[in-house]
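Architecture at a glance
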Amino acid sequence: MDKSVKAAIVKNLSELISADSEACCLLIVEKFGQESQKVFEKLNSSPELQFKYLQGLINIGRNPNSNEVLQRSGIVVDQDMCELYINLMCQLSPQSVYSFLCSNDMYRVDHILKVCQQYKILDGTAYLLERAGDLIGALQLILQELDKKIFNLLNIPESKSFHPDDVKSHQIDIENRRKEADSCLLSAITLCKRNSKKLEEEDSKKLWFMVCDKLMESMKIMHHATPMVAIGRNRGRTNEVNHLQSSRSDPSIPRTTKIISQFLQNLLREMVVYVPMKLILDKIVNNGANTHLSDYKTIIMGIIDDYNYELSILKTVNHLVEADRFQAVKTLVSKQKIAFDPIWWGR
């Protein structure tokens, strides 16, 4: 009976994995045990099925209930298997690579870094560079991606129709691209925050100012007569964007300038915790010499408002602490005087 079941499994392996990879893996592990490696080798000609099989196997290993089956069969998800899975994931499901790398460390960082670079998995590459200690390289990758996302914000064709559905679709497109750029910025900020406590002060400031410089550079580009060409040249893509030349009347420019200004404000709120405010304001004022300082008015006022708000909270907390301390000392003195002057206690 077992032989006929095994033969049926092997014969219909592709269909079973496609239907439910996890259930299929569980069945193979139970029926084939350590011989399941031979079954896996039959999938060598199909990377998609290999990927689904390994995905099912890894999910079983993570599930406490089904992991017992793996342990009984003597099957171990080893480093080679995990690295093959990541390699296939880079090809077939690149959006899942970063989260898997963060939640799993059963791989060689240097080897998987080369794989991520080969398949241009930017978030995965940045994460592995950070793990390898190359923080500058990791941040530069994230900022390159941020640059592309800002370019995408400028490169949104304006809707020529006033139909409500077209206008709504256009607004959704703008919002989606803004969220993509915001996500890149958040990745850069998170990297800086995560490493600021571990780095020397100068190295920490260098990371924060790299992000700040990138956004300020984008603000400057907004003041070029032909912003699309300016951005394209910065990336060596002049030929691709020459036809997109636009004037200051292009509505995408003030819209993108407003978004970048908001990004800068979000960055500086986080940055001020790790970098002295004087250095940040000096940077903005010095940058204003080459662009319109008025663009930074809202940002500067926002920083000052945040500073004043935090200062008022600090003063209030200090006042409360002092009041509590005074009351505690008064109570202590009262108790100490009881033995000498019992009448004091009733005062």
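Residue numbers here run from 1 along each chain, matching the order of that chain's written sequence. Local features in a predicted model are, by the rule used here, given only for residues with pLDDT of at least 70; side-chain atom pairs are given and counted only at 80 or more, and totals for whole chains, interfaces and linings are based on all residues. Based on all heavy atoms of the structure, the side-chain values leave hydrogens and waters out of the count.

1. A word on the overall build of the protein
- Along the protein, the regular secondary structure elements total 19 helices and zero strands.
- Here the term buried applies to any residue with accessible area under 20% of the maximum for its type, exposed to any over 50%, and partly exposed to those in between, with areas from a 1.4 Å probe on protein chains only. Counting all 347 residues of the protein, 39% fall into the buried class.
- Across the protein, the fraction of contacts at a sequence separation of at least 24, relative to all contacts at a separation of at least 6, is 64%.
- Where accessible areas are quoted, they stem from the Shrake-Rupley method and a 1.4 Å probe; at the residue level, only the protein chains shown are allowed to cover. Total accessible area on the protein is roughly 20,400 Å²; 53% of this is exposed by carbon and sulfur atoms. The way it works is that DSSP assigns letters per residue, a run of H or I at least four long becomes a helix, a run of E at least two long becomes a strand, and they are numbered from the N terminus. Residue contacts follow a heavy-atom distance rule, with two residues in contact if any of their heavy atoms lie within 4.5 Å.

2. Remarks on the pattern of salt bridges
- Whenever a carboxyl oxygen of Asp or Glu lies within 4 Å of a side-chain nitrogen of Lys or Arg, that contact is scored as a salt bridge. Evaluation of the coordinates by the stated rule reveals twelve salt bridges.
- Residue Glu-83 pairs with Arg-108 through a salt bridge whose shortest N-O separation is 2.7 Å. Taken together, the residues span a long stretch of sequence, with Glu-83 in helix 7 (residues 79-92) and Arg-108 in the loop between helix 8 (97-103) and helix 9 (109-118) at a distance of 25 residues.
- Given a relative accessible area of 37%, Arg-108 falls into the partly exposed group.
- The shortest N-O distance in the salt bridge between Lys-149 and Glu-180 comes to 3.7 Å. Taken as a pair, Lys-149 in helix 11 (residues 135-154) and Glu-180 in helix 12 (residues 164-196) lie far apart in primary sequence, 31 residues in all.
- Taking relative accessible area as the criterion, Lys-149 reaches 17% and is therefore assigned buried.
- A relative accessible area of 39% means that Glu-180 is categorised as partly exposed.

3. Digging into the confidence of the model for the protein
- Residue-level confidence of the predictor, termed pLDDT, takes values from 0 up to 100. Taken over all residues, the pLDDT of the protein has a mean of 81, while the share at 70 or more is 84%.
- The secondary structure element of the protein with the lowest average pLDDT is helix 15 (residues 238-241), at 41, and the one with the highest is helix 9, at 95.
- Counting contacts from residues 225-248, a segment whose pLDDT is below 50, to residues more than four positions away or on other chains yields 40 contacts.

4. Looking at the environment of Ser-196
- You can see Ser-196 is positioned in helix 12.
- Once residues lying within four places of it in the same chain are set aside, the contact partners of Ser-196 are Ser-204, Trp-208 and Tyr-274.
- Under the rule applied, a polar contact is a pair of N or O atoms within 3.5 Å (in protein, one hydrogen donor and one hydrogen acceptor; residues adjacent in sequence only if both atoms are side-chain atoms). Polar side-chain contacts of Ser-196 include one of 2.6 Å to the backbone oxygen of Cys-192.

5. Some details on the packing of aromatic side chains
- When the centres of two rings from Phe, Tyr and Trp lie within 6.5 Å, Trp using its six-membered ring, the rings pair. Their planes under 30 degrees apart give stacked, over 60 give edge-to-face, and anything left gives tilted. As enumerated under the stated definition, the model contains four aromatic pairs in all.
- Ring geometry for Tyr-85 against Phe-100: centres 5.1 Å apart, planes inclined by 80°, an arrangement best described as edge-to-face. You can see Tyr-85 sitting in helix 7 and its partner Phe-100 sitting in helix 8, a full 15 residues away along the chain.
- For Tyr-85, a relative accessible area of 5% translates into the label buried.
- Aromatic side chains Tyr-98 and Tyr-127 sit 5.8 Å apart centroid to centroid with 90° between the ring planes, which places their arrangement in the edge-to-face category. Placement of Tyr-98 in helix 8 and of Tyr-127 in helix 10 (residues 122-131) is noted, with a sequence separation of 29 residues between them.
- Note on Tyr-98: relative accessible area 34%, which makes it partly exposed.

6. Re a nonpolar patch on the surface
- A patch is a set of surface residues, each over 30% in relative accessible area and not in a salt bridge, joined within 9 Å for like charges and within 5 Å for the nonpolar side chains Val, Leu, Ile, Met, Phe, Trp and Tyr. A cluster of nonpolar side chains, namely Tyr-309, Ile-313, Val-317 and Val-321, defines an oily patch on the protein surface of about 360 Å² accessible area.
- Summarising the element assignment, Ile-313 is placed in helix 18 (residues 297-337).

7. As for the packing of helix 7 against helix 9
- Closest axis-to-axis distance for the helix 7/helix 9 pair is 10 Å, and the angle between their directions is 15°. As the angle between them shows, helix 7 and helix 9 are arranged roughly parallel. The interaxial crossing formed by helix 7 with helix 9 has right-handed handedness. Contact residues: Glu-83, Ile-86, Asn-87 and Cys-90 in helix 7; His-111, Ile-112, Val-115 and Cys-116 in helix 9.
- We call Asp, Glu, Lys and Arg charged. Ala, Val, Leu, Ile, Met, Phe, Trp, Tyr, Cys and Pro are nonpolar, and the rest, Gly among them, are polar. Class assignment of the residues belonging to the contact of helix 7 with helix 9 gives a composition of five nonpolar, two polar and one charged. Helix axes use the C-alpha atoms of the stretch in contact, all axes being lines fitted to C-alpha atoms, and the angles between their N-to-C directions lie in the range 0 to 180 degrees. Between 65 and 115 degrees an angle is taken as roughly perpendicular, under 35 as roughly parallel, over 145 as roughly antiparallel, and anywhere else as oblique. Crossings are assigned a handedness: left-handed for a near helix turned anticlockwise from the far helix by less than a right angle, right-handed for a clockwise turn.

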